[in-house]
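Results of the structural survey
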Amino acid sequence: MKPLSLVAAALLAAVADASTIGEDHKALDARAKLAYSPPHYPSPWMDPQAHGWEDAYAKAKAFVSQLTLLEKVNITTGTGWMSGPCVGNVGAVPRLGLKALCMQDGPLGLRFSDYNSAFPVAVTSGATWSKHLWRDRGKAMGEEAKGKGVDVLLGPVAGPIGRAPEGGRNAEGFGADPYLQGQALASTSVGIQEAGVVACAKHYIANEQEHFRQAGESHDRGFNISESLSSNIDDKTMHELYAWPFADAVKAGVGSIMCSYNQINNSYGCQNSKLLNGILKGEMGFQGFVMSDWQAQHAGAATAAAGLDMTMPGDTSFNTGYSYWGGNLTLGVINGTVPEWRIDDMVMRIMAAYFKVGRTLENQVPTNFNSWTRDSYGWEDQAAQENWGLINQQVDVRANHANHIRESAAKGTVILKNSGVLPLTKPKFVAVVGEDAGPNPKGPNGCPNRGCDDGTMAMIWGSGTSEFPYLITPDNALQAQAIKDGTRYESVLTNYAWAETKALITQPNVTAIVFANAGGGEGFIDLDGNAGDRKNLTLWKNGDDLIKNVSSVNPYTIVVLHTAGPVLVTDWYNNPNITAIVWAGMPGQESGNSLTDILYGKTSPGRSPFTWGPTRESYGTDVMYKPNNGDDAPQDDFTEGVFIDHRHFDKVAPKKGDKGAPIYEFGFGLSWGEFKYSQLSVQKHNVRPYQPTTGKTIKAPEFGNFSTDLKDYAFPKGIRYIYQWIYPWLNTTTSGKAASGDPYYGKTAKEFLPPGAIDGSPQPRQGASGAPGGNRQLWDVLYTVNCIITNTGSRTSDEVPQVYVSLGGKGEPVRVLRGFERIERIAPGQSVQFRAELTRRDLSNWDVDSQNWVVTKEPKTVFVGSSSRNLPLKARLD
Ligand code: NOJ
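These numbers were taken from a predicted model, which means no experiment stands behind them.

Reading guide: rules and limits
- Residues numbered from 1 in each chain as written.
- Predicted model: local features only at pLDDT ≥ 70, side-chain atom pairs only at ≥ 80, totals over all residues.
- Heavy atoms only, no water.
- UniProt positions renumbered as here; feature names shortened; annotations may be inferred.
- Helix = DSSP H or I, 4+ residues; strand = E, 2+ residues; numbered from the N terminus.
- Core = buried A, V, L, I, M, F, W, Y, C linked by side-chain atoms within 4.5 Å.
- Buried < 20%, exposed > 50% of the residue type's maximum accessible area, 1.4 Å probe, protein only.
- Patch = residues over 30% accessible without salt bridge, like charges linked within 9 Å, V, L, I, M, F, W, Y side chains within 5 Å.
- Areas by Shrake-Rupley, 256 points an atom, 1.4 Å probe, with all protein chains shown as cover.
- Salt bridge = Lys/Arg side-chain N within 4 Å of Asp/Glu carboxyl O.
- Phe/Tyr/Trp six-rings, centres within 6.5 Å; stacked < 30°, edge-to-face > 60°.
- Lys NZ or Arg CZ within 6 Å of the ring centre and 35° of its normal.

This part covers the UniProt feature "domain: Fibronectin type III-like" (unreviewed entry) in the protein chain. With numbering aligned to this structure, UniProt lists the feature "domain: Fibronectin type III-like" (unreviewed entry) at residues 799-868. Each end of residues 799-868 is marked by a C-alpha atom, and these two atoms are 14 Å apart; helix forms 0% of the span and strand 51%.

Here the focus is the nonpolar core. Met103, Tyr204, Ile205, Met291, Trp294, Met351 and Leu561 are the most contacted members of the largest nonpolar core, which totals 180 residues. Looking at which element gives the most residues to this core, the answer is helix α14 (residues 340-356), with ten residues. Membership of the second largest hydrophobic core comes to 23 residues, among which are Leu782, Ile789, Phe834 and Val864.

Once that is clear, we can look at a nonpolar patch on the surface. Taken together, the side chains of Tyr377, Trp388 and Leu390 make up a nonpolar region of the molecular surface, amounting to roughly 370 Å² of accessible area. For Trp388, the position within the fold is in strand β11 (residues 386-390).

When we look at a pair of aromatic rings, we describe it by the centre distance and by the angle of the planes. One pass over the structure, following the stated rule, counts 30 aromatic pairs. Both rings, one in Trp134 and one in Phe820, keep their centres 5.9 Å apart while their planes meet at 80°; by these two values the pair is edge-to-face. Of this pair, Trp134 sits in helix α6 (residues 131-148) while Phe820 sits in strand β25 (residues 816-820), and the two are 686 residues apart along the sequence. Trp134 gets classed as buried once you look at its relative accessible area, which sits at 0%. We classify Phe820 as buried; its relative accessible area is 4%. Both rings, one in Trp583 and one in Trp612, keep their centres 6.3 Å apart while their planes meet at 80°; by these two values the pair is edge-to-face. With Trp583 in strand β19 (residues 578-583) and Trp612 in the loop between α19 (591-599) and β20 (635-637), the pair connects residues that are 29 residues apart, well separated along the chain. Under the relative-accessibility criterion, Trp583 is labelled buried at 0%. Connected via pairs of aromatic rings, a cluster forms that spans Trp129, Trp134, Phe174, Tyr179, Phe666 and Phe820. Stacked on the ring of Phe638, the Lys or Arg Arg163 has its end atom at 3.8 Å from the ring centre.

Here it is in structure tokens:
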């Protein structure tokens, strides 16, 4: 093993949370004016009685009690970037038969793999508003992960939540609303874990833009910032908006959470004790493990004290060969910088998540693919180019998931406008126009990480991608349908052949279907100036002009959009020649089939999970594209508070016709039916008054003993050192200089952490805590809401009734989403009952003073209807 570099050693052992401790006064003065994240220590340890985790805890305890310190460290520390088959790998415990855990992207199925499915991107899944489809999608993704030998699937996503419509990774999440995100995050996590794979809800938290998420990435683009951007958020907004969906996932039992690249109130996401210790593990009672995003760890012992449990991919930054943990964590435990209970808690959390989803040492699936090549034979250790062997076995894990993919992408396709042309029935002549309807000439996987805009767009780019097993283009599927129907069919699959296009679409009887797109993705790819985040909200490759031109000469124009979020339709949506507008989102491998199912009315469409504003400015929020704090961390003040997307539009432009009012509102989407809402009734339930949790935790448990003799931790003679691998052994055993260069070496924790930071004695329990998700009484049902929905139209259709609540009070949103259900296949003339439960949490605000949820005395009103702005029923909640 290599000796530590001075820099690495200095950083690793004990640099404390910069926002809280360990800085000189000058630096503190400079920072005093900046947003600040208060310290919260010690890091909460697991609760053996936590609901749903009892059995997992017992199994983890039995296993962890047998581990040596080195084995424990091995489970917490990644082996280094590209050192192992998966995007993240930790060390194995061969002595007890535990294989190296494999962490693999991502939120729409497996990345860097083969014979896997390419599921719809989450924003399309979100647009289904269907809990069972979310769960089915999660389960199918989980099954594929399991079949490949993946232990932790790096998804689903609820951060970004979609604060700015340009946000590059918004589409990895389910839509711009915390309630919708929370329901989808929880259902998807449950699905993944039902398949026996640990889900990883990410990115915690406020990772709302790609620009400046990492200093290094920004340097490459000419911005010389020293630290990542800080998302500056007040406590109320944090609870009511950004943390909300994560609490749902924690309640649902999610096994892991990924902390994010950005800083929050000037403290790094993976080192922010308030957010990890205080809110996630304290209030929410999260029992699983916190894993860092890749290179999002910026210190050693300080991250351990702040609640990080696993470092990914293990090296300080890609391929340095150094780690903040590994041998340094071993040393930290030996010298007492990191208490024994903390390393035990890290490993307990990791192993409890593992056992919770049904894994056992007996049913482990060896990892049978390799992220770094599609060849069968290659280097097992790609970084070091070592260990040649069979690394890809091409195990086909797709089963019948294509059926689900086709169905859920169709049900997540939103019809924004329809003047009667849809559904199509045996049209005489269909002409399809636009590159976005056709194939990528380089093949569906021709661009690494899907980082291009060639051919139809069915996915975003970055780590939230998978390789397509095939891609049904709209052109393929619409032509097949046309042939079946006896329809004449032609397509022009370029945006730049106007003479030919015009000649085609001006012929008699032509229904012109024009396609356009706009993508988005992760910040490591810059596509035409869209550095992850979009640089504007217009369509790409001349899409707006194409639509305008086609509709100027063809009176039966149907517009199909594949976009990662809202685009500006202002200039053309009202043109009467545009007879329909369909948002087909990012549908995955069955793209064309899903679209055809909607255009021809074979299944029911979804509802928009975000607002379509008239201008970019109308959203009131945007990405920060230029650093605003010199070379220091950009300061992104979330001054809009909880007012993003529909909450913002409702505030500034409540009525149709108001300046800046949405063109298509959140929750909107046409269907095949006409739905009448009636007979609203609200039933109040008698529940016990809310009791903040009191009392104390148990004392921090410790499992096993360890020697403090450094000689016991020397790199063993029998093991060959692999270049760049991160190991748990020490670099030197000769003296206390093992971490020479570390300014904190030899100091007690007291000298660089706040008092009590590593105290393992029983701790007071937070009032808002109690069980996974938070205080149990937050889920008491206070009201049941019922109404009748009747299909007065002439076609069977799904409907998505939505419940909004006005919580009342100054400075509160006009309404917040608090319930919905996708009711499938309501026949003409049929009436169905819709029922929703409003919990205490649904009716509460976060009270900063009492640090708890409170149902305020303000009058509250419930609304029911088919979108955030079409709410025919309302009632006061007394
Ligand atoms: C960075 C991304 O932010 C994260 O979502 C992903 O899981 C990791 N890279 C691993 O690829």
